[in-house]
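Chain residues, written in single-letter form:
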Amino acid sequence: MIFTDTHTHLYDEQFRDDACAAVERAVRAGVTRMVFPDIDSTSRQAMNDLAGKYPGNIYTCLGLHPTSVGPGWEEELEKIESLAGPGICAIGETGMDCYWSREFVREQEAAFERQVRLSCRLGLPVIIHAREATELILNVLERCKALSPRGVFHAFTGSRETFARIMKLGDWYVGIGGVVTFRNASIAETVKDIPLDRIVLETDSPYLTPVPHRGERNESSYIPLIAGKVALQKGTSIEEVAMATTRNAERLFNF
Ligand code: NI
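As a starting point, this report considers the structure included with it. Keep in mind the model is a prediction, meaning the values are calculated, not measured.

Observations regarding the sheet that holds strand E6 (residues 151–154)
Link 1 in the chain: Ordered by their spatial adjacency, five strands build an open sheet running E4-E5-E6-E7-E8, and the pairing between neighbours is parallel. Looking along the sheet, the strands with just one partner apiece sit at the ends: strand E4 (91–97) and strand E8 (199–201). Going from strand to strand, the sheet's axes swing by 30 degrees on average, the running direction of each strand aside.
Link 2 in the chain: The pairing of strand E5 (residues 126–131) with E6 spans four bridges and is parallel. When the bridges of E6 are listed, Ile128 appears paired with Phe153.
Link 3 in the chain: Its contacts with the sheet put helix H5 (residues 134–143) on E4, E5, E6 and strand E7 (172–176), and the angle it makes with E5 is roughly 150 degrees.

Below, the structure written as structure tokens:
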């Protein structure tokens, strides 16, 4: 079985001492492809250094995370726009996050729209982080509709209605992660109604650790736990989930 972790931050400081071991554990678990979403200029070097050691296993992105949008965000974006080109598989992660703070909500919106437009110019997908900002995000995508943006709503935990609205916008996928394994998580029910051909798997490591590792650091080798829960909820086999979600990731990121 071949799995793809479409959203993992194994270059995070929490892996300072064992990032290579974590990558290798993932590959041994069948997670042979990992997508590293970018956060901002402070962690970009670490991301590229680790990815450079595993060509063919790790794919990188360029983007400015919504919680990194603050004073100096325009210079950060200019850097991204000048670096973006061959060698990256997506723009992101970008989006909007009104959970942590609304202080820079206007700037987050502007930075998000610029990154969506950049992704369209480059013919790349966009990785969207949406936290308590669904309406704002959908408005931006609606404004950019003529450019046919495409991509993934990472860490999707929305409702069936939200999923239906996303599908109306075009060629979109949703990233399902560790939350699907949590007791009483609504996404575990919702996922039953999301077609398998619109789902990609992700850990978002080091965060959102699946059961039975909750409370510990998350890592890409836990993807089969997420795949297993998706299979259970959808009444299918883990092999089928592995195959379908890897095929979806190939389409999404053009591997
Ligand atoms: Ni992330």
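Structural notes on helix H9 (residues 238–253)
Link 1 in the chain: With 16 residues, H9 extends 22 Å between its outermost C-alpha atoms, agreeing within 8% with the 22 Å of an ideal straight helix rising 1.5 Å per residue.
Link 2 in the chain: What H9 keeps buried is the set Val241, Ala242, Ala244, Thr245, Thr246, Asn248, Ala249, Leu252 and Phe253.

A short note on the environment of Arg150
Link 1 in the chain: For Arg150, the position within the fold is in the loop between H5 and E6.
Link 2 in the chain: Separated by 76 residues in the primary sequence, Arg150 and Ile226 place their C-alpha atoms 24 Å from one another.
Link 3 in the chain: Discounting residues that sit within four places of it in the chain, Arg150 has contacts with Gly123, Leu124, Pro125, Val126, Asp171, Trp172, Arg251, Leu252 and Asn254.
Link 4 in the chain: A distance of 3.1 Å separates the side chain of Arg150 from the backbone oxygen of Leu252, its partner in a polar contact.

Some thoughts on the layout of surface pockets
It is the rolling of a water-molecule-sized probe over the atoms that shows where space remains empty.
Link 1 in the chain: In this structure, the largest pocket encloses a volume near 940 Å³.
Link 2 in the chain: Looking at the largest pocket, it is lined by 31 residues, and the ones nearest its centre are His65, His129, His154, Asp204 and Tyr207.
Link 3 in the chain: Put simply, the parts of the chain that give the lining of the largest pocket at least two residues each are E4, E5 and E6.
Link 4 in the chain: No other element matches the four residues that E5 contributes to the lining of the largest pocket.

Comments concerning the coordination of the nickel ion
Link 1 in the chain: Looking at the nickel ion, one finds its protein donor set to be His7 (NE2), His9 (NE2) and Glu93 (OE), positioned 2.0 to 2.2 Å from the metal centre.
Link 2 in the chain: Look at His9 and you get buried, because its relative accessible area is 5%.
Link 3 in the chain: Taking the relative accessible area as the measure of exposure, Glu93 reaches 2% and is therefore buried.

Digging into unusual backbone geometry
Link 1 in the chain: Following Gly92, the chain continues into Glu93 via a peptide bond in cis, with omega recorded as 10 degrees.
Link 2 in the chain: Along the chain, Glu93 falls in strand E4.
Link 3 in the chain: In this structure, Ala155 is a non-glycine residue whose phi angle is positive, near 50 degrees.
Link 4 in the chain: Mapped onto the elements, Ala155 comes out in the loop between E6 and helix H6 (160–168).
Link 5 in the chain: Of note in the backbone geometry, Asn254 takes a positive phi value of approximately 60 degrees without being a glycine.
Link 6 in the chain: For Asn254, the location among the structural elements is in the segment after H9.

Quick look at H5
It helps to recall that an α-helix has 3.6 residues per turn; residues three or four apart then point in one direction.
Link 1 in the chain: Of all the positions in H5, only Leu136, Ile137, Leu138, Val140 and Leu141 are classed as buried.
Link 2 in the chain: Buried residues belonging to H5 abut E4, helix H4 (105–122), E5, E6, H6 and E7.

Section: the pattern of salt bridges
Link 1 in the chain: Applying the stated criterion to the full structure yields 16 salt bridges.
Link 2 in the chain: Across the pair Arg117 and Glu113 runs a salt bridge whose closest N-O atoms are separated by 3.0 Å. Of the two residues, Arg117 and Glu113 are both situated in helix H4; the distance of four residues between them amounts to about one turn of the helix.
Link 3 in the chain: Residue classification places Arg117 among the partly exposed positions, given a relative accessible area of 31%.

Overview of the side chain of Thr4
Link 1 in the chain: By the secondary structure assignment, Thr4 is in strand E1 (residues 3–5).
Link 2 in the chain: Of the polar contacts made by the side chain of Thr4, one reaches the side chain of Thr246; its length is 3.3 Å.
Link 3 in the chain: Ignoring any residue separated from it by four or fewer positions in sequence, one finds Thr4 in contact with Val31, Arg33, Leu201, Ile223, Thr246, Ala249 and Phe255.

Section: empty space enclosed by the protein
Link 1 in the chain: Under the counting rule described, the total for this entry stands at one cavity of 30 Å³ or more.
Link 2 in the chain: Estimated volume of the largest cavity: approximately 50 Å³.
Link 3 in the chain: Residues that form the lining of the largest cavity fall into these classes: seven nonpolar, four polar and no charged.

Thresholds applied
Residues numbered from 1 in each chain as written. Predicted model: local features only at pLDDT ≥ 70, side-chain atom pairs only at ≥ 80, totals over all residues. Heavy atoms only, no water. Pairing = 2+ DSSP bridges. Helix = DSSP H or I, 4+ residues; strand = E, 2+ residues; numbered from the N terminus. Axes fitted to C-alpha atoms, helices over the stretch in contact; angles between N-to-C directions. Contact = heavy atoms within 4.5 Å. Expected span 1.5 Å × (residues − 1). Buried < 20%, exposed > 50% of the residue type's maximum accessible area, 1.4 Å probe, protein only. Polar contact = N/O pair within 3.5 Å; in protein donor to acceptor, adjacent residues only side chain to side chain. 1 Å grid on protein atoms, 1.4 Å probe; cavity = no way out; pocket = protein on both sides within 12 Å on 5 of 7 lines; lining within 4 Å. Points joined across faces, edges and corners; volume = space filled by probe spheres on them. Donors = N, O, S within 2.8 Å, 3.2 Å for Na, K, Ca; no water. Salt bridge = Lys/Arg side-chain N within 4 Å of Asp/Glu carboxyl O. Nonpolar A, V, L, I, M, F, W, Y, C, P; charged D, E, K, R; others polar.

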